[in-house]
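Single-letter residue listing:
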Amino acid sequence: MLPWSLPPAIASVREEMSMAIRTIIEPFRRNTRSERKALLEAAGHNLFLVASEAILIDLLTDSGTSAMSTGQWAAMMRGDESYAGTPSFTRFRDSVQGIFGFRHVIPTHQGHAAERILFAVMCKKGDVVPNNTHFDTTRANVEFAGAEAVDLVIPEGREPSTRHPFKGNMDVAALEELINRTGREHVPLVMLTVTNNSGGGQPVSMENVRQVSAICRKHGIPLYFDACRFAENSYFIKLRENGYESKAPKQIAQEMFSYGDGCTMSAKKDGLANIGGFLCTNDDLLAQQEKDLLILTEGYPTYGGLAGRDLEAIAVGVQEALEEDYLRYRIASTAYLGDHIAEQGVPIVQPPGGHAIYLDARAFLPHIPVEQFPGVALACELYLEGGIRSVEIGQLMFGAAAAMDLVRLAIPRRVYTQSHVDYVVEIILEVWKKRNLIHGLKITHEAPFLRHFTAKLQPITA
């Protein structure tokens with residue numbers, strides 16, 4: 001018997017944890033299941049609406065949540081906040097062009113803004129925009145411009161359990177058929193998302209990039225990349241595609257972008273920054289139209305809604321994201337999480353992606369009909385069980401366009417330790433054991449666009 005006792009708050013936590021959880025993690029934040037239940041009910045069972053202080057491990061997104069390096073912080077100290085012509089922009093532009101190679105580099109405050117400007121300038125009502133798979137904001141911005149967003153991922157990309165080295169590939173035969181059926185005049189651009197976020201963080205092969213580019217060249221259609229996770233895609237090409245084993249990730253990225261005409265980029269992902277993005281193009285006339293819209297809604301073209309210090313952080317971050325030691329660890333750490341839960345029978349998108357693990361909610365909760373949002377139900381249970389925040393990518397996010405119901409566990413870069421990953425494994429396995437007790441949900445409030453950000457739901461218990 002120890003001559004002292006634990007403080008009541010710590011004793012309560014230990015009592016709760018000792019019931020099931022064995023992994024010891026750094027206690028950044030802590031609360032009890034009963035507290036989490038009350039918070040979740042108050043948020044309408046929408047994890048976007050739960051305060052971050054009430055989250056133990058936040059895997060909602062890897063966008064802007066990474067830890068910046070000493071190199072980035074040092075670069076920020078020379079940020080020049082001049083309104084026009086800042087040297088911070090020059091360093092930013094030169095760094096981006098050194099990788100992406102496009103003639104015009106237009107800074108924006110994040111990827112959403114780059115998408116909005118691109119589609120507002122290029123799309124009109126009646127147009128069709130093909131993509132391997134549009135992510136949420138990409139699809140919303142295409143549709144807001146009056147165009148139709150069409151997903152053309154290969155069939156394997158719609159089957160979570162199927163293993164394929166490049167499940168993010170676009171179906172080139174389907175692309176050719178769509179262009180012929182729709183008419184080239186109604187396809188203002190083709191997009192490739194690298195890696196394919198909505199499809200499980202799956203990469204696109206260089207061969208597929210070349211094939212898509214060839215079709216675009218044949219029909220005179222510009223090819224744009226959603227380049228948020230370009231470094232991870234480049235590393236997967238190095239690991240999995242013949243002929244690239246000895247090439248550096250930067251060389252692979254440079255070749256990949258050489259087949260395109262421009263890109264949108266959220267530097268909050270593979271830019272390793274907390275804010276920022278950019279829009280690139282090789283088209284001089286288009287660039288001028290985009291800059292005109294940028295000035296109207298974002299800022300002057302040499303800062304684009306960003307502080308000079310943010311431009312400096314991105315300039316360093318896009319280069320650091322291509323460092324092989326960093327990429328090796330990131331890909332291995334993500335696979336570690338996926339492999340450990342898959343070994344116990346938990347259904348995930350196979351093989352594990354680069355930035356996240358995706359649980360297959362339909363296979364995890366087969367008793368919950370798709371119209372009762374199995375992905376949301378699973379994400380809520382992960383929060384209740386262990387304070388982990390994730391995000392549904394399925395019926396709530398995409399509605400009728402959802403081919404799968406997934407729960408994404410996106411891992412911020414350079415933030416969590418190995419013990420945190422082990423804790424996440426343990427929580428998922430605990431939820432897996434009691435999966436038959438989880439109920440579906442119904443919507444009580446939704447917005448017309450991007451409803452998953454603000455929707456309110458309630459459990460269906462009858």
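Conventions used here
- Residues numbered from 1 in each chain as written.
- Predicted model: local features only at pLDDT ≥ 70, side-chain atom pairs only at ≥ 80, totals over all residues.
- Heavy atoms only, no water.
- Helix = DSSP H or I, 4+ residues; strand = E, 2+ residues; numbered from the N terminus.
- Expected span 1.5 Å × (residues − 1).
- Buried < 20%, exposed > 50% of the residue type's maximum accessible area, 1.4 Å probe, protein only.
- Arc of directions from axis to C-beta.
- Contact = heavy atoms within 4.5 Å.
- Polar contact = N/O pair within 3.5 Å; in protein donor to acceptor, adjacent residues only side chain to side chain.
- Phe/Tyr/Trp six-rings, centres within 6.5 Å; stacked < 30°, edge-to-face > 60°.
- Lys NZ or Arg CZ within 6 Å of the ring centre and 35° of its normal.
- Core = buried A, V, L, I, M, F, W, Y, C linked by side-chain atoms within 4.5 Å.
- Pairing = 2+ DSSP bridges.
- Right-handed = clockwise from strand over helix to strand, strands pointing away.

Asks: Can you walk me through helix α11 (residues 284-297) in this structure?
Replies: Residues that lie three or four places apart on an α-helix share one face, since the helix turns once every 3.6 residues. Compared with an ideal rise of 1.5 Å per residue, which puts 14 residues at 20 Å, α11 spans 20 Å between its outermost C-alpha atoms and is within 8% of the ideal. Taken residue by residue, α11 has Leu286, Ala287, Glu290, Leu293 and Leu294 as its buried positions. Buried residues of α11 fall within an arc of 130° about the axis and therefore sit on the same side. Away from its buried face by more than 90 degrees, α11 exposes Leu285 and Leu296. Among the structural elements, β2 (104-108), α5 (111-122), β6 (223-226) and β8 (277-281) are those in contact with the buried residues of α11. The backbone nitrogen of Leu285 lies 3.0 Å from a side-chain oxygen of the residue at the head of α11, namely Asp283. Directly beyond the C-terminal end of α11, a positive phi value near 155° is found at Gly299.

Asks: Got a minute to help me understand the packing of aromatic side chains in this structure?
Replies: To describe a pair of aromatic rings, you give the distance between the ring centres and the angle between the ring planes. Applying the stated criterion to the full structure yields 14 aromatic pairs. Aromatic side chains Phe92 and Phe278 sit 5.9 Å apart centroid to centroid with 75° between the ring planes, which places their arrangement in the edge-to-face category. Of the two residues, Phe92 is situated in helix α4 (residues 87-100) and Phe278 in strand β8; the sequence distance between them amounts to 186 residues. Overall, the relative accessible area of 0% leaves Phe92 in the buried class. Clustering of aromatic rings is evident, with ring pairs tying together Phe89, Phe92, Phe100, Phe102, Phe225, Phe230, Phe257 and Phe278. We note Arg435 situated over the ring of Trp432; from NZ or CZ to the ring centre the distance is 3.6 Å.

Asks: Can you walk me through the nonpolar core in this structure?
Replies: In summary, soluble globular proteins display a tendency toward joint burial of nonpolar side chains. Residues Phe100, Val190, Phe225, Phe230, Phe257 and Phe278 are the most contacted members of the largest nonpolar core, which totals 55 residues. Among the nonpolar cores identified, the runner-up in size contains 48 residues, and Ala43, Val407, Val424 and Leu457 belong to it.

Asks: Can you help me understand the pairing of strand β4 (residues 148-151) in this one?
Replies: Two faces, one strand: in a regular strand the side chains alternate between the faces of the sheet. Direction of pairing for strand β3 (residues 128-131) relative to β4: parallel, over a ladder of four bridges. Bridging across to β4, Pro130 finds its partner in Val150. On the question of chirality, the crossover connecting β3 to the parallel β4 by way of helix α6 (residues 136-144) is right-handed.

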